[in-house]
Amino acid sequence: SPHYGERWARHWLDVAHFGESDGFEYDRMRPHAWRYRDWVIQSLNRDLPYNEFARLQIAGDVLHPRDSKALIATGFLVAGAFDSLVPAGDEMRQIMRQDELEDIVGIVGQTFLGLTINCARCHDHKFDPILQSDYYRLASALAGVKRGEHKLPSEPIPELLARHIQRLERQ
């Protein structure tokens with residue numbers, strides 16, 4: 001049933017902190033957020049293996065750069081709330097970027113490692129498995145993640161749709 005993916009995607013989208021708007025002061029709508037939501041639903045309905053499901057959401061753009069579905073999957077990294085306020089000063093912009101990166105690192109850690117690793121941004125804990133140096137290694141791996149609209153590679157038109165277009169052109 002297609003409702004299987006819809007039901008279980010709700011749980012995953014909660015884990016990903018998915019929102020169709022930015023939140024914060026301006027709370028701008030994200031006109032293309034539905035693509036990530038629908039990708040999750042379709043992946044669950046296709047019974048995509050979890051290891052591939054996870055890999056695509058963390059690095060789909062690197063693993064399959066010409067595959068629009070893999071690019072859409074990386075929406076996981078930017079699905080959460082985002083303060084779109086642009087401060088005037090360079091120092092404040094850098095602080096906001098580090099806070100944004102902390103959110104991304106935190107969601108990856110909580111989702112795929114089952115650990116809250118945000119506190120490692122500032123210090124090591126005696127008994128925590130994630131050291132501050134590990135935190136910054138992960139942060140540097142995710143530092144290329146930028147929010148915004150990205151152009152997707154064009155996909156070939158499915159055969160059924162191509163025939164329908166030809167039929168309409170003839171009419």
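Structure first, text after, so check above.
Residues numbered from 1 in each chain as written. Predicted model: local features only at pLDDT ≥ 70, side-chain atom pairs only at ≥ 80, totals over all residues. Heavy atoms only, no water.

Caption draft 1: Highlighting the overall build of the protein chain. Broken down by element type, the protein chain carries 7 helices and 0 strands. Along the protein chain, from the amino end to the carboxyl end, the secondary structure elements read α-α-α-α-α-α-α. C-alpha extents for the protein chain along the principal axes are approximately 70 × 40 × 25 Å. Across the 171 residues in the protein chain, those meeting the buried criterion constitute 33%. Long-range contacts, defined here as pairs at least 24 residues apart, represent 58% of the contacts in the protein chain between residues at least 6 apart. Taken as a whole, the protein chain presents about 11500 Å² of accessible surface, with 57% of it coming from carbon and sulfur. Charged side chains of the protein chain number 21 positive and 25 negative; the gap between the two group centres comes to 6 Å. (Helix = DSSP H or I, 4+ residues; strand = E, 2+ residues; numbered from the N terminus. Buried < 20%, exposed > 50% of the residue type's maximum accessible area, 1.4 Å probe, protein only. Contact = heavy atoms within 4.5 Å. Areas by Shrake-Rupley, 256 points an atom, 1.4 Å probe, with all protein chains shown as cover. Lys, Arg positive; Asp, Glu negative; His and termini not counted. Charge placed at Lys NZ, Arg CZ, Asp CG, Glu CD.)

Caption draft 2: Summary view of the environment of Cys119. Along the chain, the position of Cys119 falls in the loop between α5 (90-113) and α6 (132-142). Residue classification places Cys119 among the partly exposed residues on the basis of a relative accessible area of 28%. Along the primary structure Cys119 and Tyr135 are separated by 16 residues, whereas in three dimensions their C-alpha atoms are 9.1 Å apart. The residues contacting Cys119, other than those within four sequence positions of it, are His125 and Asp128.

Caption draft 3: Expanded view of the packing of α5 against α6. Where α5 meets α6, the closest approach of the two axes is 10 Å, and the angle between their N-to-C directions is 105 degrees. Accordingly, the angle class assigned to the pair α5 and α6 is roughly perpendicular. Contact residues: Arg97, Leu101, Glu102, Ile104, Val105 and Val108 in α5; Tyr135, Leu138, Ala139 and Leu142 in α6. (Axes fitted to C-alpha atoms, helices over the stretch in contact; angles between N-to-C directions. Parallel < 35°, antiparallel > 145°, perpendicular 65-115°, else oblique.)

Caption draft 4: Here's a closer look at the nonpolar core. The biggest cluster of nonpolar side chains holds 31 residues, and the ones touching the most others in it are Tyr36, Trp39, Val40, Phe76, Leu77 and Leu142. Of all elements in the fold, only α1 (2-15), α2 (33-45), α3 (50-63), α4 (68-73), α5 and α6 reach the threshold of two or more residues within this core. Residue contacts for Trp39: discarding those within four places in its chain leaves Leu48, Phe53, Leu56, Gln57, Lys69, Ile72 and Ala73. (Core = buried A, V, L, I, M, F, W, Y, C linked by side-chain atoms within 4.5 Å.)

Caption draft 5: Region of interest: unusual backbone geometry. The phi angle at His17 is positive, at roughly 60 degrees, despite the residue not being glycine. Along the chain, His17 falls in the loop between α1 and α2. Given a relative accessible area of 46%, His17 falls into the partly exposed group. Phi is positive for Asp47, which is not a glycine, with a value near 60 degrees. The topology assignment puts Asp47 in the loop between α2 and α3. Classification of Asp47 by relative accessible area gives exposed; the value is 64%.

Caption draft 6: Inspection of the packing of aromatic side chains at higher detail. For the structure shown, the criterion picks out 10 aromatic pairs. With centroids separated by 6.0 Å and ring planes inclined at 50 degrees, the aromatic side chains of Trp12 and Phe112 adopt a geometry described as tilted. Taken together, the residues span a long stretch of sequence, with Trp12 in helix α1 and Phe112 in helix α5 at a distance of 100 residues. Seen from their ring centres, Tyr135 and Tyr136 are 4.9 Å apart, and the 80 degrees between their planes marks the pair as edge-to-face. The partly exposed category is assigned to Tyr136, whose relative accessible area is 37%. The ring of Trp8 has Arg7 sitting right over it, with the charged end atom 5.5 Å from the ring centre. (Phe/Tyr/Trp six-rings, centres within 6.5 Å; stacked < 30°, edge-to-face > 60°. Lys NZ or Arg CZ within 6 Å of the ring centre and 35° of its normal.)

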